[in-house]
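# Fold and contact review
Residue-level listing of the chains:
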Amino acid sequence: AREFGVQVRLSQFRLQRPRQWGACWAFCRLWEQLKLDEFWAPRLTDSREGTSWYHVLMVLTAYRLIDPGSEWRLHREWYWRSAMGDLLDEAAPLAAKDTLYRCLDKLLEHKEALFGFLKQRWQDLFGVTFEVLLYDLTSTYFESDPPFGEGTKRRYGYSRDHRPDCVQVVIALIVTPEGLPLTYEVMAGNTADCTTLPAFLEQIEGRYGKAQRVWVMDRGIPTEAHLAEMRRRGAYYLVGTPKGRLNRLEKDLATQPWEQARPEVKVKLLPQEEELYVFVQSKARIDKERSMRRKKLRWLWVRLKELQRQSPTYEQLLMKIGAAQKHVGRVASLVRLELPEPPPRKARSRRVSFRFTLDREKLRIVRRREGRYLLRSNLTATDPAELWQFYLQLSEVEAAFKDLKSELSIRPIFHQREQRIEAHIFVAFLAYCVYVTMKQQLKAHAPGLTVRQALDKLAAMQMLDVHFPTTDGRELIFTRYTEPESDQQLLLAKLGWTLPPQAPPRITAKTAAQM
């Protein structure tokens, strides 16, 4: 206080408005590393009233990354409890409810330009080549009731969220083997997987050229016609195959010798015209799938014995067995059930018994196929071990969907307008880009931490306003973030990040400070 020429009353100092600072600052740093400021600032200019749409977008994306929820919660709680206003030098009106929704309306026109911008950023930051692309689909549901208009994408369909009672949209996503997102598309909730590929082939070739890249997809996405078209274009593919094809090729594969591709991976090769079938056996996958199957089968066996002891009524028995079968999934087919005849209507309350046995023939077939996969590719000259590694990388796109749904809470969606539904998904995509940027940096410098763990560590750094009343009726205010603890210092050192200097103090009239 000496440099201000005032005296302070130390006995009356106050700490006000503690708010989360560390994770917000980390978000701003990652945003700058991606150079999203260069992309968005010229596209989202301020309104005539002075609203910074660019800063509103930053707040929306930071909220989706750090503590996702509804726009209403952002408006009522989160913005005030975070330091985003301090970092952006913005006041509370920035997070007004209508302002947040109006910002969503301005985003989608820049979607295609963002995809092209990200391509260059992934190349510059991580040296990505785009020679291998991973393609998959998921769905996300709505907490809203039909009916909807004819043109809406909200439709009932196959729900990967196990919510067939809710309308949904389908999201198709393309990522690199490193998990870096390139593009996505939102489609109607009743879209069949096999109808989505041609449009993406055109889109990727238009954006990245007709290079001979490898498309890695799960079974069910490409049809025979799609694969023939990819061969005609000179594109390469690697896809899983349905079990029916394995049944047809089992005799031919039985005559082929096993080749050691890796220490714990063996393969059989079966050339077929322009394609190569690769039958892969992985010891690690065998152990994993066998353990999962045994766990479920053991649970089902114990549950069926419990039901035998309970001797429930016929209707209760059917419901409880159905629930048990749903819990274990396909493992239920390994157990044969001998159920009693349905009792007459007047005897519905009578207790019944049943028997069950293990289907050993089915168990032998399942054991024989555990940890074994049939892959199909037109990369006939490629090392089979490399093909297997390509296919395992599909887990990256599955991880992307998992992060979007769990870490970034893309679901459920509460918006009603079609444009805002897609804008909500667009903001989640932006947040995921920031998320994977941090993920790549942690992978290189702090591999023991997940993104969520790192953000939680940094979020413990708070910002507070320290008020010192002066003897002349004014207040000296210090806005300070807390000094990092040892574990936070270690994380910052590993990432090579340096904290900014503390803000200078300010002095104000006491009446203004109270306002």
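Report on the accompanying structure. (Residues numbered from 1 in each chain as written. Predicted model: local features only at pLDDT ≥ 70, side-chain atom pairs only at ≥ 80, totals over all residues. Heavy atoms only, no water.)

### Considerations on the nonpolar core
Quick reminder of the rule: In these notes, a set of buried Ala, Val, Leu, Ile, Met, Phe, Trp, Tyr and Cys residues joined through side-chain atoms within 4.5 Å is what counts as a nonpolar core. Buried, partly exposed and exposed residues are distinguished by accessible area as a fraction of the type maximum, computed with a 1.4 Å probe on protein chains only: under 20%, between the cut-offs, and over 50%, respectively. A run of H or I in DSSP counts as a helix once it spans at least four residues, and a run of E counts as a strand once it spans at least two, with each numbered from the N terminus.
Judged by nonpolar contacts, the single largest core of 129 residues is most densely connected at F27, W40, M84, L114, Y135 and M438. By residue number, the principal contributor to this core is helix α16 (residues 418-445), which donates 16 residues.

### Comments concerning the packing of aromatic side chains
For the record, the criterion: Stacked, tilted and edge-to-face pairs are distinguished by plane angle, under 30 degrees for stacked and over 60 for edge-to-face with tilted covering the rest, among Phe, Tyr and Trp rings (Trp via its six-membered ring) whose centres lie within 6.5 Å. Each ring is checked for a lysine NZ or an arginine CZ that lies within 6 Å of its centre and within 35 degrees of its normal; such an atom marks a charge sitting over the ring.
Scanning the model with the defined rule gives 21 aromatic pairs in all. Relative to F429, the ring of F115 lies with its centre 5.6 Å away and its plane at 80 degrees, an arrangement referred to as edge-to-face. Of the two residues, F115 sits in helix α7 (residues 111-126) while F429 sits in helix α16, which places them 314 residues apart along the sequence. We note that F115, like F429, is buried. Members of the aromatic cluster, joined through ring pairs, are W21, W25, Y481 and W497. Positioned over the ring face of F39 is R43, at 3.9 Å from the centre of the ring.

### Focus on the sheet that holds strand β12 (residues 372-377)
To keep things clear, this is the line we draw: Any two strands with at least two DSSP-identified bridges between them are counted as paired. Note on definitions: angles span 0 to 180 degrees between N-to-C directions of axes, and those axes are lines fitted to C-alpha atoms, for helices only across the stretch in contact. Contacts: residue pairs with any heavy atoms within 4.5 Å of one another.
As summarised here, the arrangement of the nine strands in space is β4-β3-β2-β5-β6-β12-β9-β8-β7, forming an open sheet in which the pairing is mixed. In this open sheet, the two strands that pair with only one neighbour each are β4 (181-188) and β7 (259-262). If you compare each strand with its neighbour and ignore which way they point, the axes differ by 25 degrees on average. Across three bridges, the pairing between strand β6 (residues 236-240) and β12 is antiparallel. What sits directly across from V239, in β12, is R376. In this fold helix α11 (residues 283-310) packs onto β9 (275-282) and β12, with an angle of close to 60 degrees to the strand it touches most, β9. Its contacts with the sheet put helix α15 (residues 394-407) on β2 (132-141), β3 (168-175) and β5 (214-217), and the angle it makes with β2 is roughly 30 degrees.

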